[in-house]
Amino acid sequence: MKKAGLMFLLLSAFMVVSGQERVVVVDFESNSFRNNPDIPFDKPFIIRGEISEEIEYVEITIRNENSRKELYSFVWNRYGKNVSESFDIVVPEILISNSKYDFEINTYMAMSDFQKEQLIGKLQDRIGYYLRNNISYDGSRIQINKARAVYRDMAGLIDEALLYYRSKNSVRKPELSTLVLEELERYSDYKFGTLMNQQGAVEKDSIAAGIIDNKVKDLSEVVLSEVIPYINSELVQLDRRVNVKSVSTDKEVFTLPVNVGMYAWSKSIDITNTTVSNMDFTPGIGVTLPFSNKSSILAKSKSIDGFGLSLGVLLNPVKDANGAEYITPGINLPVYAGLGLRFFKVLRLNAGALILAEKGIQDFSNISVLPTAGVAFELNVWAGIKK
């Protein structure tokens, strides 16, 4: 009983230890992970960092080494009366073995009402300045230069102005609606008509300047009406950015995917000027040479986890309608090769070809290729080395 109890305690301790997630600590002073650790690829891990009580929001972005394209993004959001001086962000098992990644860690501080008012004022000034530079007066009419281009540029201006801000309560960043474009197109060609026919040049310039000011004000208010709800949310602004470069993932134990399944085929022959087919399923066994999925959609898929080339043999010869057997010369069994996808880590679907010659032929002069498709049960067999 004592031995059984001890074994139970040891097993429980092992399960607790093995169930713990690895912790990677951010060093904000050196822009690194402490002790330069490798990170896991096949299990979740925690990114932890020390922060002040003023930090309300932390965002972590993961990219492939030296890439600008974002792969994944995770956030920590201080909630309620939490006064913690550290953050924990869990990264799930999404990375790839024997690879390198760049991590960007951004911390954000809350904005006061006064700071929000300043942001709105600066944004209004930038919008007004841009519009004034794109509204012209030629002495007879007021014109907005290329309304659609102005619309796109203003959308980019707002994106740039709000680049270093986030909303704690997940209000989406503003995207200019078509209402703004419609207003720009409505104002794009303002003709005076008889309004100033009797006015002199100086008076016309003065009136035109006033009209332009009113147009700029009206358009600015339309644009700001779509931005202010975002600014008035629980907005936070960037406090500090840390870039941790070229972090390696653990090396994966090398395994060889071995599969056993059933393969379909149809063998046709001509009998008295008539084509007769024999269709059947034959068990087969083989191995798969996986292709790298580092930059593909497969890297993010939870159901499809492997694309590769399968090679193997059928366990019985292929037979035609006359009972003649077909094999691959030198092997005495039909050899197949196929490309396929693995689903749910155990089920592989292959489509490929059989390399055949009639049994008894010892050379490759009468080789034929027969299409085949198969469903196989696949498991990774440990090969005793690391990649």
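Structure shown above.
This structure is a prediction, so every number in the text was calculated from the model and none was measured.

Rules used throughout
Residues numbered from 1 in each chain as written. Predicted model: local features only at pLDDT ≥ 70, side-chain atom pairs only at ≥ 80, totals over all residues. Heavy atoms only, no water. Helix = DSSP H or I, 4+ residues; strand = E, 2+ residues; numbered from the N terminus. Buried < 20%, exposed > 50% of the residue type's maximum accessible area, 1.4 Å probe, protein only. Contact = heavy atoms within 4.5 Å. Areas by Shrake-Rupley, 256 points an atom, 1.4 Å probe, with all protein chains shown as cover. Axes fitted to C-alpha atoms, helices over the stretch in contact; angles between N-to-C directions. Parallel < 35°, antiparallel > 145°, perpendicular 65-115°, else oblique. Left-handed = near helix turned anticlockwise from the far one by under 90°. Pairing = 2+ DSSP bridges. Core = buried A, V, L, I, M, F, W, Y, C linked by side-chain atoms within 4.5 Å. Polar contact = N/O pair within 3.5 Å; in protein donor to acceptor, adjacent residues only side chain to side chain. Salt bridge = Lys/Arg side-chain N within 4 Å of Asp/Glu carboxyl O. Expected span 1.5 Å × (residues − 1). Arc of directions from axis to C-beta. Patch = residues over 30% accessible without salt bridge, like charges linked within 9 Å, V, L, I, M, F, W, Y side chains within 5 Å.

Student: Would you mind showing me how to read the overall build of the chain here?
Tutor: Secondary structure summary: the chain contains five helices and 20 strands in total. Buried residues in the chain amount to 37% of all 387 residues. The long-range share in the chain, meaning contacts at least 24 apart out of those at least 6 apart in sequence, stands at 69%. In the form shown here, the chain has an accessible surface area of approximately 22,800 Å², with 55% of it arising from carbon and sulfur atoms.

Student: Just to check I follow, could you spell out the packing of helix H3 (residues 147–161) against helix H4 (residues 178–186) for this structure?
Tutor: Packed helices, taken two at a time, are described by the angle between their axes plus the distance between the axes. As a packed pair, H3 and H4 sit with axes 9 Å apart at the nearest point and diverge in direction by 140°. Comparing the axis directions of H3 and H4 gives the class oblique. Seen along the crossing, H3 lies across H4 with a hand that is right-handed. Here H3 contributes Ala147, Arg148, Val150, Tyr151 and Met154 to the contact with H4, which in turn contributes Thr178, Val180, Leu181, Leu184 and Glu185.

Student: Would you mind going over the sheet that holds strand S2 (residues 32–33) with me for this structure?
Tutor: Strand pairing in a sheet is mediated by backbone hydrogen bonds. Such pairs are either parallel or antiparallel. In space, the four strands of this open sheet follow the order S2-S1-S3-S6, with mixed pairing throughout. Bordering the open sheet on either side are S2 and strand S6 (86–91), each of which pairs with just one other strand. As paired elements, strand S1 (residues 22–27) and strand S3 (residues 45–50) share four bridges and run parallel to each other. Within S3, the position partnered with Val25 by the bridge is Arg48.

Student: What am I meant to see in the pairing of strand S7 (residues 100–110) here?
Tutor: For a regular strand, the rule is simple: side chains alternate between the two faces of the sheet. Of all 11 residues in S7, eight are buried; the element is thus mostly enclosed. When S7 meets strand S12 (residues 235–248), the two strands line up antiparallel, connected through 10 bridges. Its bridge partner being in S12, Asn106 is matched across the sheet by Arg241.

Student: Even after reading the chapter, I still don't get the sheet that holds S12, so can you show me in this structure?
Tutor: Ordered in space as S5-S4-S7-S12-S10, the five strands form an open sheet in which the pairing is antiparallel. Among the strands making up the open sheet, the edge pair consists of strand S5 (70–77) and strand S10 (165–167). Within this sheet the neighbouring strands show an average axis-to-axis angle of 30°, counted without direction.

Student: Sorry if this is basic, but what is going on with the nonpolar core here?
Tutor: Proteins that are soluble and globular tend to have nonpolar side chains buried together. Formed by 33 residues in total, the largest nonpolar core has its most connected members in Leu123, Met154, Leu184 and Ile231. When contributions to this core are tallied by element, the ones reaching two or more residues are helix H2 (113–132), H3, H4 and helix H5 (201–231). No other element matches the nine residues that H5 contributes to this core.

Student: Help me understand the environment of Asp320, please; the structure alone is not making it clear to me.
Tutor: With respect to the element layout, Asp320 can be found in the loop between strand S16 (318–319) and strand S17 (325–327). Its relative accessible area of 6% is what places Asp320 among the buried residues. Taking the C-alpha atoms as reference, Asp320 lies 7.0 Å from Ser277; in sequence the two are 43 residues apart. What Asp320 contacts, discounting residues up to four positions off in sequence, is Lys267, Ile269, Asn278 and Tyr326. Here the side chain of Asp320 touches Asn322 through a polar contact of 2.9 Å, landing on its backbone nitrogen. Within the structure, the side chain of Asp320 is placed 3.0 Å from the side chain of Tyr326, a separation counted as a polar contact.

Student: Which parts of the structure should I look at to understand the pattern of salt bridges?
Tutor: As a working rule, side chains carrying opposite charge can pair if their charged atoms are close by. Evaluation of the coordinates by the stated rule reveals 14 salt bridges. One salt bridge connects Arg63 with Glu104, and the closest N-O pair in it is separated by 3.5 Å. Of this pair, Arg63 sits in strand S4 (residues 55–64) while Glu104 sits in strand S7, and the two are 41 residues apart along the sequence. No difference in accessibility class separates Arg63 from Glu104, as the two residues are buried. For the salt bridge of Arg132 with Asp213, the shortest nitrogen-to-oxygen distance reads 3.8 Å.

Student: Sorry, what's going on with unusual backbone geometry here?
Tutor: For residues other than glycine, phi is negative in most cases, and the peptide bonds are mostly trans. Phi is positive for Ser246, which is not a glycine, with a value near 55°. With respect to the helices and strands, the residue Ser246 is situated in strand S12. Even without being a glycine, Asn332 presents a positive backbone phi close to 65°. For Asn332, the position within the fold is in the loop between S17 and strand S18 (335–343).

Student: Would you mind going over H2 with me for this structure?
Tutor: In an α-helix there are 3.6 residues to a turn, and that puts residues three or four apart on one side. Between its terminal C-alpha atoms H2 stretches 29 Å, which fits the 28 Å expected from 20 residues at 1.5 Å a residue. Among the residues of H2, those classed as buried are Lys116, Leu119, Ile120, Leu123, Ile127, Gly128, Tyr130 and Leu131. On an axial view of H2, the arc spanned by its buried residues comes to 165°, and they lie on one face. Exposed and oriented more than 90 degrees from the buried face of H2 are Phe114, Glu117, Lys122, Asp125 and Tyr129.

Student: When you look at a nonpolar patch on the surface in this model, what are you seeing that I'm missing?
Tutor: The grouping of Phe344, Val346, Leu347, Leu349, Val375, Phe377 and Leu379 at the surface amounts to a nonpolar patch, some 620 Å² of accessible area in total. Listing elements by their share of the nonpolar patch, those giving two or more residues are strand S19 (347–358) and strand S20 (368–386). Residue contributions to the nonpolar patch peak at three residues, all from S20. Looking at the element boundaries, Phe344 is found in the loop between S18 and S19. Overall, the relative accessible area of 57% leaves Phe344 in the exposed class.

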